Amino acid sequence: QVQLVESGGGLVQTGGSLRLSCTASGPLIAINYMGWYRQAPGKQRDLVAGITKSGSTNYAVSGEGRFTISRGNTWGTVYLQMNNLKPEDTAVYYCNAAGMDAGNDYDYWGQGTQVTVSS
């Protein structure tokens, strides 16, 4: 069982920055993608950014040019650098780890970390 632990959320003013971290533990051999999602009150959970084991990245339009996802030297740690934050970025941010192995799908979530951007 893979476990994900997030950190780095908090309260920041408009235009400020935060760096979120996510560390995965457990068997990661089948995990080939890690990403950050966010969910604001009353809204669905949406992708913010993702990165593959080989380093390819993808971003939601809302974060392009402001957010950067990166991975640690060893697979299983990912970061989300968020700059020029806006009130609409306020949400709970969740780390996700996903993959497939021998026909089995794997999809794990962290407990979430709150990001609040004040105007």
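Right, let's walk through the structure included here.

Definitions and limits used
Residues numbered from 1 in each chain as written. Predicted model: local features only at pLDDT ≥ 70, side-chain atom pairs only at ≥ 80, totals over all residues. Heavy atoms only, no water. Buried < 20%, exposed > 50% of the residue type's maximum accessible area, 1.4 Å probe, protein only. Helix = DSSP H or I, 4+ residues; strand = E, 2+ residues; numbered from the N terminus. Pairing = 2+ DSSP bridges. Salt bridge = Lys/Arg side-chain N within 4 Å of Asp/Glu carboxyl O.

A word on the pairing of strand 4 (residues 31-39). Burial analysis of strand 4 places 7 of its 9 residues in the buried class, the great majority of the element. Across 8 bridges, the pairing between strand 4 and strand 9 (residues 91-101) is antiparallel. Bridging from a neighbouring strand, Arg 38 pairs with Tyr 93 of strand 9. The sheet contact formed by strand 4 and strand 5 (residues 46-52) spans 6 bridges and is antiparallel. The residue of strand 5 that forms the bridge with Gly 35 is Gly 50.

What follows is about the pattern of salt bridges. In total, this model carries 2 salt bridges according to the counting rule given. Note that Asp 89 and Arg 38 form a salt bridge whose closest N and O atoms lie 2.9 Å from each other. Of the two residues, Asp 89 is situated in the loop between strand 8 (77-82) and strand 9 and Arg 38 in strand 4; the sequence distance between them amounts to 51 residues. With relative accessibility at 1%, the residue Asp 89 sits in the buried group. For Asp 89, the salt bridge goes to Arg 66, with nearest N and O atoms at 2.7 Å. In this pair, Asp 89 sits in the loop between strand 8 and strand 9 while Arg 66 sits in the loop between strand 6 (57-59) and strand 7 (67-71), placing the two residues 23 residues apart along the sequence.

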